[in-house]
Amino acid sequence: MEIQKEINELAANFEACHKTLSAIGDETRQHIILEMMRMDYNGSRVIEISEKTNLSRPAVSHHLQILKEAGIVKMRREGTMTYYYLDPDMEAFNLLILALQQSIRICADLPNRSVED
């Protein structure tokens, strides 16, 4: 494939990963993801995540919404309770991994631009 075409495709793939990159670029959301991995696999409520992260419930809700919009977190309702859990398919992360692998392949085909003494 022509290099410019590959780069344009990569740009589109990065755009598709924009929400994921923004979501995981925040240290607080990274902390929430790690705590959710340590918690119940069937899902956790905001109050439980709040207790584990020492964040307020409104702050946790805000960050969970961003993670949900990025496709990293999913939710389900059981009566009046809402449970949040990490996407078991990890589709958002897989798309990001593919874009990064594509970046590596493109860079490997570029000429060496390092200056040697």
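Heads up: the structure comes first, above all this text.
None of these values were measured; they are calculated from a predicted model.

Caption draft 1: Focus on the overall build of the protein. A count of helices and strands for the protein gives six helices and two strands. Helices and strands appear in the protein in the N-to-C order α-α-α-α-α-β-β-α. Expected size for 117 residues packed as a compact globule is a radius of gyration near 13 Å; at 18 Å, the protein overshoots this value by more than 25%. Dimensions of the protein, computed from C-alpha atoms along their principal axes, come out at roughly 60 × 35 × 20 Å. Classification of the 117 residues of the protein by burial places 31% in the buried group. Across the protein, the fraction of contacts at a sequence separation of at least 24, relative to all contacts at a separation of at least 6, is 55%. Element-wise, carbon and sulfur atoms account for 52% of the exposed surface of the protein, whose accessible area totals about 8000 Å².

Caption draft 2: Representation of a nonpolar patch on the surface within the structure. Where nonpolar side chains cluster on the molecular surface, the patch consists of Phe14, Leu21 and Leu100 and spans about 240 Å² of accessible area. For phenylalanine 14, the location among the structural elements is in helix 1 (residues 3-16). Judged by relative accessible area, phenylalanine 14 falls into the partly exposed class, the value being 32%.

Caption draft 3: How the structure looks around the packing of helix 3 (residues 27-38) against helix 5 (residues 57-69). Between helix 3 and helix 5, the least distance of the axes is 10 Å, while the angle of their chain directions is 85 degrees. Between helix 3 and helix 5, the interaxial angle falls into the category roughly perpendicular. Side by side, helix 3 and helix 5 meet where Thr28, Arg29, Ile32, Ile33 and Met36 of the first sit next to His63, Leu64, Ile66 and Leu67 of the second. In terms of residue class, the contact of helix 3 with helix 5 is made up of six nonpolar, two polar and one charged.

Basis of the calculations
Here the residue numbering is sequential within each chain, running from 1 through the sequence in written order. Reporting in this predicted model follows two pLDDT cut-offs: at least 70 for local features of residues, and 80 or more for side-chain atom pairs to be given and counted; totals over whole chains, interfaces and linings ignore these cut-offs and use all residues. To get the side-chain values, all heavy atoms of the structure are used, and hydrogens and water are removed first. Under the scheme used here, helices are H or I runs from DSSP no shorter than 4 residues and strands are E runs no shorter than 2 residues, and both carry numbers assigned from the N terminus. Within these notes, the globule rule equals 2.2 Å times the number of residues to the 0.38 power, and the radius of gyration is based on C-alpha atoms. In this scheme, a residue with accessible area under 20% of its type's maximum is buried, one over 50% is exposed, and one in between is partly exposed, where area comes from a 1.4 Å probe on protein chains only. Residues are treated as being in contact if the distance between any of their heavy atoms lies within 4.5 Å. Surface exposure here means Shrake-Rupley accessible area, sampled with a 1.4 Å probe, where a residue is shielded only by the protein chains that are shown. Patch construction takes residues with relative accessible area above 30% that form no salt bridge. Like charges are linked within 9 Å, and nonpolar side chains (Val, Leu, Ile, Met, Phe, Trp, Tyr) are linked within 5 Å. What counts as a salt bridge is simple: a side-chain nitrogen of Lys or Arg found within 4 Å of a carboxyl oxygen of Asp or Glu. Helix axes are fitted only over the stretch in contact, all axes being lines through C-alpha atoms; the angle between N-to-C directions runs from 0 to 180 degrees. Small angles under 35 degrees read as roughly parallel and large ones over 145 as roughly antiparallel, with 65 to 115 read as roughly perpendicular and the rest as oblique. Residues are grouped as follows: Ala, Val, Leu, Ile, Met, Phe, Trp, Tyr, Cys and Pro are nonpolar; Asp, Glu, Lys and Arg are charged; every other residue, Gly included, is polar.

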